[in-house]
Amino acid sequence: MSNNHEVLVDVQGVDRVFRRGSEEIHVLQKLDLQVRQGEFLALMGPSGSGKSTLLNLIGGLDRPSNGSVAIGGERIDGLNDRQLAAWRARHIGLVFQFYNLLPVLNAQRNVELPLLLTSLSATQRREHAAAALDIVGLKDRNTSFPTQLSGGEQQRVGIARAIVTDPTILLCDEPTGDLDQKSGDEILSLLQALNREQGKTIIMVTHDPHASHRASRTVYLNKGRLLAENPE
Amino acid sequence: MSNWFTQVAAVTAFSLRTIAQRRGAVLATAVGVAGVAMVFVGVLSIAAGFRGTMRSSGAPDVAIILRSGADGEMTSVFDRTETQLIADAPGLARTGGTPQASAELFVIINLPSKTTGSDANVPLRGVGPAAFTVRDNVKLVAGRRFEPGRNEVIVGVGASRSSAGLEVGRKLRLGTNEWDIVGLFTAGGGSAESELWTDATVLQNAYQRGSSFQSVLARLASPETFQIFKDALTANPQLKVKVQRQTEFYEAQSGALTGFIEGIGFFIAAMMALGALFGALNTMYTAVATRVREIATLRALGFGAGPVVISVLVESLLVSIAGGAVGAAAAYVAFDGFTASTLNWQSFSQVAFAFRVTPALLLQAIFLSSFIGLLGGLFPALRAAKVPIAAALRET
């Protein structure tokens, strides 16, 4: 774990209210959360507790109804859609439960995707993607299409895609939720290595207590509120 | 900006690569648009062909003279004195001192159609000796000219194609008269090709027309002498005439029919286009729906809404243009040069003509297809742009 204790993620007094007809659903209520640079944080809680909503706010995929979200000292809750998209491309690496790879692209091309939003040349993009695939141990599967890969391998490609731009934070939404125990463990080990060896700040939503044990800190949510923490 | 274009190119390429997975719906849309283009080109090629035939019937240095108030040869009448006064007017071309003017009349005869066997109206025209110099595009392709004073006819190639029993050497019985078919002629694709010609005096006698004519066709010394000729005739108190250039006359003759055909063509094409539009809308909505997680993933990674919108529009446009091009090409193969005949409402006689698939028509069909594609892709594209990213990422 990094020794850097600088606060990277600063969520203050955040509410997130969804409207369904005349009904108001308070998914997050007056929530505060700080995540330090280099932390591996697990967000746990029952379904509907607001874990993914919180992750979406931190990742700039959604905006709070009230309160502020600052990443690396930069407020992102006031950015418009276009600014948020550009911000995500620079700062966020996303890992999804169902991998979300583009089926028409091979592993190499899938990993290169976020690099299309940078000014890198085609050769540089190829080199960066190859390096990322090497880190996740899939250097030799670069020409395989998603349908030719196992679930664990697809998730590794997903992680390679998330780290290829060297983002500020890695956000993982149930990264082992669709995997068997063995593949899940391998993915968790990979995330742990990225955190410990490369100092990546990781926030991971999970249902799985076993997964949360790999994190350096776990916070629990229930009904949109932060319940307790178990600092390492 | 180059980054934005890279995004557009990349997202569009992904979108196009998924077409194979949706080939059924995409093919149905392309076929729908192809149908629209084919019908559009097919119907309008009838109008283009008919207009082309009527246009090539006329020459700018030939004038047609009808009685004032007549809207066609059918309702016009002159006596021999009047036709001589017309021929003597200044501004006409002359050969050896003789004005190039042909006083003409025509009767409508019934001949069995080659295709249906039922009777169709065919004009039998009586022409003066100058007819062949006035209409210098008339060329004999078989046999010989009729001899003045004899019951002989020559047959236009259009009439010969559409009516039965008009081969050179055969006899034609009309009422109590029998005519020898002695020649076959072309007239540069003009409407004269749909006619039978004989000597005007013989026709007057055969049909008890006395010494009356219906029109005078006259070759001008040059296109510029039209006004001199017209002024001389209209200033003559012995004549009540309407003087037109032959080109204007045929243009007016074809206007009603081409307008009608074009009206029908546009109406059918518009109805079919509406159907194809819904097909395109459905296909593209489905495309967006099946790719909603992909679109959300791209947006989550930082791709903008603009490239997503453009990718949907480009796909819709390409599919429609491809369909339109195939339909237009099929129409060209099926219809261009296809010969038919129809009733010219101004003369109540058949005009044989060939469908014409012109480059302009093909271009219009492509524009129509593009329009269907753009409109069919627009709303699905906007829906794609509004995909709620966070929710759509978890779609399975």
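Every value quoted in this text rests on a predicted model; they were computed, and no experiment measured them.

Conventions we followed
Residues numbered from 1 in each chain as written. Chains lettered and ligands numbered in written order. Predicted model: local features only at pLDDT ≥ 70, side-chain atom pairs only at ≥ 80, totals over all residues. Heavy atoms only, no water. Buried < 20%, exposed > 50% of the residue type's maximum accessible area, 1.4 Å probe, protein only. Helix = DSSP H or I, 4+ residues; strand = E, 2+ residues; numbered from the N terminus. Contact = heavy atoms within 4.5 Å. 1 Å grid on protein atoms, 1.4 Å probe; cavity = no way out; pocket = protein on both sides within 12 Å on 5 of 7 lines; lining within 4 Å. Points joined across faces, edges and corners; volume = space filled by probe spheres on them. Axes fitted to C-alpha atoms, helices over the stretch in contact; angles between N-to-C directions. Parallel < 35°, antiparallel > 145°, perpendicular 65-115°, else oblique. Left-handed = near helix turned anticlockwise from the far one by under 90°. Nonpolar A, V, L, I, M, F, W, Y, C, P; charged D, E, K, R; others polar.

A word on helix 1 (residues 51-58) of chain A. Residues and elements named next belong to chain A. Burial analysis of helix 1 places eight of its eight residues in the buried class, which makes it a mostly covered element. All of the buried residues along helix 1 are Lys51, Ser52, Thr53, Leu54, Leu55, Asn56, Leu57 and Ile58. Two residues or fewer past helix 1, glycine 60 is found with a positive phi of approximately 70°.

Residue and element names in this part refer to chain B. Counting through the fold element by element, leucine 196 comes out in strand 10 (residues 196-199). For the pair formed by leucine 196 and glycine 126, sequence separation is 70 residues and the distance between their alpha carbons is 8.6 Å. When sequence neighbours within four positions are dropped, the list of residues in contact with leucine 196 reads Ile109, Val122, Pro123, Leu124, Arg125, Ile154, Val155, Ala159, Leu166 and Leu172.

Across all of its chains, the model carries five cavities of 30 Å³ or more by this definition. Roughly 50 Å³ of volume is contained in the second largest cavity. Lining of the second largest cavity is provided by Arg88(A), Ala89(A), Ile92(A), Gly93(A), Leu94(A), Pro114(A), Arg161(A), Ala162(A), Thr165(A) and Leu301(B). Every element with two or more residues in the lining of the second largest cavity is listed here: helix 2 (81-91), strand 6 (92-95) and helix 5 (151-163) of chain A. With three residues, strand 6 of chain A is the largest single contributor of residues to the lining of the second largest cavity.

Once that is clear, we can look at the packing of helix 2 (residues 23-57) of chain B against helix 11 (residues 359-385) of chain B. Residue and element names in this part refer to chain B. Packing of helix 2 against helix 11 brings their axes to within 9 Å, and their N-to-C directions diverge by 150°. In terms of orientation, helix 2 and helix 11 fall into the roughly antiparallel class. Relative to helix 11, helix 2 is oriented so that their crossing is right-handed. Counting all contacts with helix 2, which are made through Val33, Val36, Ala37, Phe40, Val41, Leu44, Ser45 and Ala48, the residues of helix 11 involved are Leu361, Leu362, Gln364, Ala365, Leu368, Ser369 and Ile372. Across the contact of helix 2 with helix 11, the residue classes break down as twelve nonpolar, three polar and no charged.

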